[in-house]
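Summary of the model geometry
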Amino acid sequence: SAINQLREGISKYSISNAPILISGSSGTGKELVAYNIHYNYNSPRKHENFVPINCGGIPDQLIESELFGYEKGAFTGAEKSKPGLFEMAHHGTIFLDEISELPLSAQVKLLRVLQDGEVEKIGRTEKIKVDVRVISATNRNIEDEVREKRFREDLFYRLNVVPIHVPPLRERKEDIHYLIDYFMNSAYPYP
């Protein structure tokens, strides 16, 4: 029943452009949920780009240039302009995995993007308009992160417009036999 509720939520929320925050333990399939929201038959963005990024996998010094891009000459080594992931996701969906790992300096800029729908590239004075659905995910309790001042409260409320929780398998043991059947009958060649 938990997965059926999750499926219903995916179908219902795929129509919306509201920011979605997916929570759940590591390995529960948060990225799969985001992917299914984007490519759901109800989604008006299903034919556009789905751009995933792991916020914890990029060094703090590079996260802003990855998300928002930069102009040629903006800093040492910027030999040509580079579009940011928000530009690449224009009209589509950006998936910010492990959003709780985003440094506070990048959180401020992300908040501006959510409020204004505009991106500030590093080294550029004019802002760039973007139309992007933002789906984020975390395995942490972001409300605790807000209390500990590691995550901006205003950004949390902007991202948590549509909360989705992905329950771990230990909370839905009735699914284990379906998973066993699936993997036993899948096309994996076993000796």
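Residue numbers run consecutively from 1 along every chain, following the written order of its sequence. In keeping with the predicted nature of the model, local features appear solely for residues at pLDDT of at least 70, side-chain atom pairs appear and are counted solely at 80 or more, and the whole-chain, interface and lining totals rest on all residues. No hydrogens and no water enter the side-chain calculation; it runs on all heavy atoms of the structure.

**Topic: the overall build of the protein chain**
Secondary structure is summarised from DSSP: a helix means a run of H or I of at least four residues, a strand means a run of E of at least two, and numbering begins at the N terminus for each. A count of helices and strands for the protein chain gives eight helices and nine strands. Reported as C-alpha extents along the three principal axes, the dimensions of the protein chain are approximately 55 × 40 × 35 Å. In this description, contact between two residues means that some pair of their heavy atoms is separated by no more than 4.5 Å. Considering only contacts in the protein chain between residues 6 or more positions apart, those separated by 24 or more positions represent 72%. Note that accessible areas follow from Shrake-Rupley with a 1.4 Å probe, and for residues the cover is restricted to the protein chains shown. Total accessible area computed for the protein chain in this model is approximately 11000 Å², and 51% of it derives from carbon and sulfur atoms. Neither His nor the chain ends contribute to the count of charged residues, in which Lys and Arg are positive and Asp and Glu negative. Taken as the charge location is NZ of Lys, CZ of Arg, CG of Asp or CD of Glu. Distance between charge centroids for the protein chain: 2 Å, based on 24 positive and 27 negative side chains.

**Here we look at helix 3 (residues 60–68)**
Regarding helix 3, the residues found buried are Ile63, Glu64, Ser65, Leu67 and Phe68. A positive backbone phi angle near 85 degrees is found at Gly69, which sits one or two residues after helix 3. For every residue, the accessible area (1.4 Å probe, protein chains only) is compared with the maximum for its type, and the residue is labelled buried under 20%, exposed over 50%, or partly exposed between those bounds.

**Section: the packing of helix 1 (residues 2–13) against helix 2 (residues 30–39)**
What counts as an axis is a line fitted to C-alpha atoms, over the stretch in contact for a helix, and the angles between N-to-C directions run from 0 to 180 degrees. Their axes nearest at 8 Å, the elements helix 1 and helix 2 cross at an angle of 40 degrees. Taken together, the axes of helix 1 and helix 2 are oblique relative to one another. Of the two possible hands of crossing, helix 1 and helix 2 adopt the one that is right-handed. Together, Leu6, Ile10 and Tyr13 of helix 1 and Val33, Asn36 and Ile37 of helix 2 make up the contact between the two elements. Its residues placed into classes, the contact of helix 1 with helix 2 shows five nonpolar, one polar and no charged. An angle below 35 degrees is read as roughly parallel, one above 145 as roughly antiparallel, one from 65 to 115 as roughly perpendicular, and any other as oblique. The sense of a crossing depends on the near helix, which, turned anticlockwise from the far helix by less than a right angle, makes the crossing left-handed and, turned clockwise, makes it right-handed. We call Asp, Glu, Lys and Arg charged. Ala, Val, Leu, Ile, Met, Phe, Trp, Tyr, Cys and Pro are nonpolar, and the rest, Gly among them, are polar.

**Section: helix 1**
Helix length check: helix 1, at 12 residues, gives a terminal C-alpha distance of 16 Å against a target of 16 Å (1.5 Å per residue), a fit within 8%. Every buried residue of helix 1 is accounted for by Leu6, Gly9, Ile10 and Ser11. Looking at the buried positions of helix 1, the neighbouring elements they touch are helix 2 and strand 9 (162–165). What a helix is expected to span follows from its residue count: subtract one and scale by 1.5 Å.

**Comments concerning the nonpolar core**
The term nonpolar core refers to a set of buried residues drawn from Ala, Val, Leu, Ile, Met, Phe, Trp, Tyr and Cys, joined through side-chain atoms within 4.5 Å. If you look at the biggest cluster of nonpolar residues, it comprises 30 residues, and the most contacted ones within it are Leu67, Phe86, Ile94, Leu96 and Ile99. The set of elements that each furnish at least two residues to this core consists of strand 2 (50–54), helix 3, helix 4 (85–88), strand 5 (93–97), helix 5 (104–116), helix 6 (142–147) and helix 7 (153–159). Beyond its immediate sequence surroundings of up to four residues, Ile99 is in contact with Leu21, Cys55, Leu110, Ser136, Ala137, Thr138, Ile142, Phe151 and Leu159. Grouped together as the second largest cluster of nonpolar side chains are 15 residues, Val33, Ala34, Phe95 and Val162 included.

**A look at the sheet that holds strand 8 (residues 133–138)**
Strands pair in a sheet through their backbones, by hydrogen bonds, and they do so in one of two ways: parallel or antiparallel. In this description, strands pair whenever DSSP reports at least two bridges between them. The parallel open sheet is built from five strands, whose spatial order is 2-5-8-1-9. Since the sheet does not close on itself, it has two edges, and those belong to strand 2 and strand 9, each with one partner. In this sheet, adjacent strand axes meet at a mean angle of 20 degrees when their direction is disregarded. Relative to strand 8, strand 1 (residues 20–23) runs parallel, the two sharing four bridges. Within strand 8, the position partnered with Leu21 by the bridge is Ser136.

**A closer look at the packing of aromatic side chains**
In this analysis, rings of Phe, Tyr and Trp, with Trp reduced to its six-membered ring, are considered paired at centre separations within 6.5 Å, and the interplanar angle assigns stacked below 30 degrees, edge-to-face beyond 60, and tilted for intermediate values. Summed over the entire model, instances satisfying the criterion amount to eight aromatic pairs. Between Tyr35 and Tyr39, the aromatic rings sit 4.6 Å apart at their centres with planes inclined by 50 degrees, giving tilted as the arrangement. Remark: Tyr39 and Tyr35 occur in helix 2; sequence separation between them is four residues, near one turn of the helix. For Tyr35, a relative accessible area of 42% translates into the label partly exposed. These aromatic residues form a ring-pair network of at least three members: Tyr35, Tyr39, Phe50 and Phe95.

**Description of unusual backbone geometry**
A negative phi holds for most residues other than glycine; trans holds for most peptide bonds. Positive phi, close to 75 degrees, is recorded for His91, a residue that is not glycine. Positionally, His91 belongs in the loop between helix 4 and strand 5. Located in the positive-phi region is Lys149, a residue other than glycine, with phi close to 65 degrees. Tracing the sequence through the fold places Lys149 in the loop between helix 6 and helix 7. Given a relative accessible area of 68%, Lys149 falls into the exposed group.

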